[in-house]
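The chain contents come next:
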Amino acid sequence: MVRWMAVTVGLALAGCAAPTDDDGDTDTDTVAAVDDGVVTYHRDVRPIFDRHCAACHTDGGVAPFSMTYAADAWADGPPSWVPTAVAAMEAGTMPPWMPSQDCQPIQGARVLPDGALDTVTAWADGGFVEGDPSTYKARTTDAALDLGEPTLTLRGDAAYTPDRARPDDYRCFVLDHTFEEEAWLDAFTVVPDALSMVHHVILYRLDADYADDVARWDAEDDGPGYTCFGSPGTWEAETVAGWAPGSTPEVYGDDLARRISAGSVLVLQMHYNTLTLPTAATTPSDRTGVALWLGERPRLELRSFPFADLDLYLPAGDPDVSATFDASLDFLTRNVRLKGAFPHMHQLGVSMRVDVVRDDGSETCLVDIPDWDFNWQQAYFYDDDVDLFVGPDDQLRISCTYDNSTANQPVVNGSQLEPRDVAWGDGSLDEMCLAYLYASLPVAQ
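Everything numeric here is computed off the predicted structure, so don't read it as measured data.

### Looking at the packing of helix 2 (residues 41-52) against helix 4 (residues 116-125)
Next, step 1: Look at helix 2 against helix 4: their axes get within 10 Å of each other, and the N-to-C directions meet at 130 degrees. One finds that helix 2 runs oblique with respect to helix 4. When you trace helix 2 past helix 4, the crossing you get is left-handed. Residues Tyr-41, Asp-44, Val-45, Ile-48 and Phe-49 of helix 2 form the contact with helix 4, whose participating residues are Ala-116, Thr-119, Val-120 and Trp-123.

Given below as structure tokens:
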């Protein structure tokens with residue numbers, strides 16, 4: 001079962017979330033028809049931008065510009081970002097949402113409601129009329145973002161400057177908090193700092209027996225934290241949560257939480273990809289942290305388990321490489337309910353799909369990413385009414401495709417790399433075919 005255990009990439013969650021109605025359901029309202037022949041920004045388009053774009057496109061958000069309304073920005077006509085935003089929506093690249101709608105219904109899907117795109121297009125065709133600000137109706141509050149103040153906000157003791165000599169600098173920081181008793185994690189997000197050079201963030205939990213080891217690893221390495229390529233020092237560490245580009249806050253919902261046992265040591269692993277930095281630029285320091293919302297003992301515990309194809313081989317120049325791997329679930333002792341999935345590839349990825357294969361040969365889709373985008377990764381949690389169970393007689397199948405052609409190579413320091421043979425690896429220029437699955441288990445009361 002090594003393919004289940006020797007998986008080191010982190011997955012995780014922080015950034016922008018999809019809008020919700022007051023009851024917490026994904027917004028599916030249709031856009032009202034315009035009855036006077038003129039589509040205006042404030043009355044017709046601004047609510048669409050607010051509900052479906054502004055969670056990312058806000059001051060300090062993960063998107064490159066803010067779409068939050070400011071009167072002075074409209075003094076001389078529409079802001080410069082307006083045509084760009086409309087073009088991206090018409091092209092289908094915004095709002096960013098990778099999963100196929102034909103697989104499983106997913107909470108918080110960033111999918112435009114019926115008529116929204118027609119309204120935006122009509123507004124552009126009409127010359128981007130601003131209209132009367134008093135006609136604007138504020139969007140519905142995003143229940144998924146209404147978390148209040150976190151119970152804990154934790155960072156490393158000091159900022160760290162990545163080593164430019166290491167294109168992939170893995171650094172672990174011991175978080176200064178002692179769990180005197182068992183705790184339950186209801187929600188998690190990353191508190192960002194210099195995320196432009198961050199490939200991923202993982203929050204690990206180590207048992208109390210490792211407290212002295214972690215302190216020694218930290219003390220023996222110069223500077224803040226310690227080098228931790230792969231694991232945080234032991235393969236027995238448990239992945240609690242994390243972040244990858246495009247991830248959203250993890251909010252587990254009613255009566256479902258992650259367990260943090262008494263005495264646990266939390267270690268934050270940062271994977272810095274220094275190849276993203278311009279050659280002449282000063283290397284920034286980073287002190288990214290995490291925010292945790294803790295709650296009462298739930299009825300169900302959220303657990304995650306990875307599986308991956310570790311035998312990847314992508315020949316240089318090959319534009320269409322496929323990889324498929326089947327894994328048995330015979331380590332399970334009972335049927336468990338799946339709650340969602342977190343698929344992960346790197347920059348050569350084209351598509352990914354995960355299925356459960358039943359004993360009778362039938363297949364059920366768990367997550368399907370037909371058009372992979374490295375910049376918009378996240379965990380996908382199923383709608384509450386999805387009753388999807390797997391057990392020891394089932395198998396999981398993960399299928400990934402890649403483009404290793406000359407035209408699809410990453411750009412480093414302004415220059416596109418030449419194709420090379422690529423295999424599985426933790427580095428940013430390596431590849432992965434990996435999925436974490438989330439399951440719920442009853443908690444003993």
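### What about the side chain of Thr-288?
Next, step 1: For Thr-288, the position within the fold is in the loop between strand 9 (265-273) and strand 10 (289-295).
Next, step 2: We classify Thr-288 as buried; its relative accessible area is 3%.
Next, step 3: Within the structure, Thr-288 has its side chain in polar contact with the backbone nitrogen of Asp-193 (distance 3.2 Å).
Next, step 4: Sequence-distant contacts of Thr-288, defined by excluding residues within four places in its chain, comprise Arg-155, Val-190, Val-191, Pro-192, Asp-193, Ala-194, Leu-195, Leu-268 and Met-270.

### Some points on the state of the cysteines
Next, step 1: Evaluated as defined, the whole model comprises three disulfides.
Next, step 2: Residue Cys-103 pairs covalently with Cys-365 via a disulfide, S to S 2.0 Å. Judged by the sign of its S-S torsion, about -105 degrees, the bond between Cys-103 and Cys-365 is left-handed. Highlighted residues: Cys-103 in the loop between helix 3 (81-91) and helix 4 and Cys-365 in strand 16 (residues 363-369), separated in sequence by 262 residues.
Next, step 3: Classification of Cys-365 as buried rests on a relative accessible area of 10%.

### Focus: the environment of Gly-92
Next, step 1: Mapped onto the secondary structure, Gly-92 falls in the loop between helix 3 and helix 4.
Next, step 2: Along the chain, Gly-92 and Leu-112 lie 20 residues apart, while their C-alpha atoms are 9.9 Å from each other.

### Description of the packing of aromatic side chains
Next, step 1: For the coordinates displayed, the defined rule picks out 16 aromatic pairs.
Next, step 2: On the numbers, 5.9 Å between centres and 35 degrees between planes, the contact of Tyr-160 with Tyr-272 is tilted. Of this pair, Tyr-160 sits in the loop between strand 1 (152-155) and strand 2 (168-174) while Tyr-272 sits in strand 9, placing them 112 residues apart in sequence. Tyr-272 carries the same exposure label as Tyr-160, and that label is buried.
Next, step 3: Seen in terms of ring centroids, Phe-381 and Tyr-438 are 5.0 Å apart; in terms of plane orientation they differ by 35 degrees. Their pairing is tilted. Placement of Phe-381 in strand 17 (residues 380-381) and of Tyr-438 in strand 23 (residues 434-442) is noted, with a sequence separation of 57 residues between them.

### A look at the sheet that holds strand 9
Next, step 1: Pairing within the open sheet is antiparallel, and its five strands lie in the order 5-2-9-4-6. Two strands lie at the open edges of the sheet, namely strand 5 (226-227) and strand 6 (238-243), each paired on one side alone.
Next, step 2: Bridge count for strand 2 against strand 5 is two bridges, and the pairing is antiparallel. Bridge pairing links Cys-172 to Tyr-226 in strand 5.

### Remarks on the pattern of salt bridges
Next, step 1: Enumeration over the complete set of coordinates arrives at 20 salt bridges.
Next, step 2: Close ionic contact of Arg-259 with Glu-182 constitutes a salt bridge, the shortest N to O distance being 2.8 Å. Remark: Glu-182 occurs in the loop between strand 2 and strand 3 (183-191) and Arg-259 occurs in strand 8 (residues 256-260); sequence separation between them is 77 residues.
Next, step 3: Look at Glu-182 and you get partly exposed, because its relative accessible area is 30%.

What counts and what doesn't
- Residues numbered from 1 in each chain as written.
- Predicted model: local features only at pLDDT ≥ 70, side-chain atom pairs only at ≥ 80, totals over all residues.
- Heavy atoms only, no water.
- Axes fitted to C-alpha atoms, helices over the stretch in contact; angles between N-to-C directions.
- Helix = DSSP H or I, 4+ residues; strand = E, 2+ residues; numbered from the N terminus.
- Parallel < 35°, antiparallel > 145°, perpendicular 65-115°, else oblique.
- Left-handed = near helix turned anticlockwise from the far one by under 90°.
- Contact = heavy atoms within 4.5 Å.
- Buried < 20%, exposed > 50% of the residue type's maximum accessible area, 1.4 Å probe, protein only.
- Polar contact = N/O pair within 3.5 Å; in protein donor to acceptor, adjacent residues only side chain to side chain.
- Disulfide = S-S within 2.5 Å.
- Phe/Tyr/Trp six-rings, centres within 6.5 Å; stacked < 30°, edge-to-face > 60°.
- Pairing = 2+ DSSP bridges.
- Salt bridge = Lys/Arg side-chain N within 4 Å of Asp/Glu carboxyl O.

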